[in-house]
Amino acid sequence: AGLPARGRHRGAEVVAAATAAGTAHAVAYYWSMDLGFGAAATNDPGGPFQDHWHPMVQPLAPVPVTKGAACRLVARHDDASIAFDVSVDGAVAADADALCACGWHLWCSPERLAALARDDDAR
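A. Broad picture of the sheet that holds strand S8 (residues 91-94). Taken in spatial order, the 4 strands make up an open sheet running S1-S6-S7-S8, and their pairing is antiparallel. Of all the strands in the sheet, just strand S1 (9-17) and S8 have a single pairing partner and so form its edges. Strand-to-strand twist across the sheet, computed as the mean angle between neighbouring axes with direction ignored, equals 20 degrees. Pairing analysis gives 7 bridges linking S1 to strand S6 (residues 70-77), with the strands arranged antiparallel. Across the sheet, residue Val-15 finds its bridge partner in S6, namely Arg-72.

Listed below in structure tokens is the structure:
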């Protein structure tokens, strides 16, 4: 089957009806990948034990949700990160493209960006 092309990819839209009214604060997710030759890796909390890949969360600005509201999610990923487009009854709650418009992550890993000095780290 070959490897997917490097760069940005968009997943299929997933739509779910809210089962209760409340406030959405985040998208919690896990992933699985085919490693080839019948082997797979996942961070599914119901999957095989592993101690280094944990389920992940993308925080959202608080979004009011009514019971039955159509919650739409589209996962987008590049070679280093995952983000979601999220809407509730058509109102945009998160735009994956807006999460990072700087472009730095295209040439510098998230770990390296996190290690860059901040003003409060000045020595």
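B. Seen up close, the environment of Ala-83. Tracing the backbone through its elements, the reader meets Ala-83 in strand S7 (residues 82-88). In the structure, Ala-83 is positioned 73 residues away from Arg-10 in sequence and 9.8 Å away in space, judged by C-alpha atoms.

C. Spatial organisation of the packing of aromatic side chains. Counted by the stated rule, this structure contains 1 aromatic pair. Ring centres 4.9 Å apart and planes at 65 degrees place the aromatic pair Tyr-29 and Phe-84 in the edge-to-face group. Of this pair, Tyr-29 sits in strand S2 (residues 22-29) while Phe-84 sits in strand S7, placing them 55 residues apart in sequence. Among the residues examined, Tyr-29 registers a relative accessible area of 13% and is labelled buried.

The rules behind each value
- Residues numbered from 1 in each chain as written.
- Predicted model: local features only at pLDDT ≥ 70, side-chain atom pairs only at ≥ 80, totals over all residues.
- Heavy atoms only, no water.
- Pairing = 2+ DSSP bridges.
- Helix = DSSP H or I, 4+ residues; strand = E, 2+ residues; numbered from the N terminus.
- Axes fitted to C-alpha atoms, helices over the stretch in contact; angles between N-to-C directions.
- Phe/Tyr/Trp six-rings, centres within 6.5 Å; stacked < 30°, edge-to-face > 60°.
- Buried < 20%, exposed > 50% of the residue type's maximum accessible area, 1.4 Å probe, protein only.

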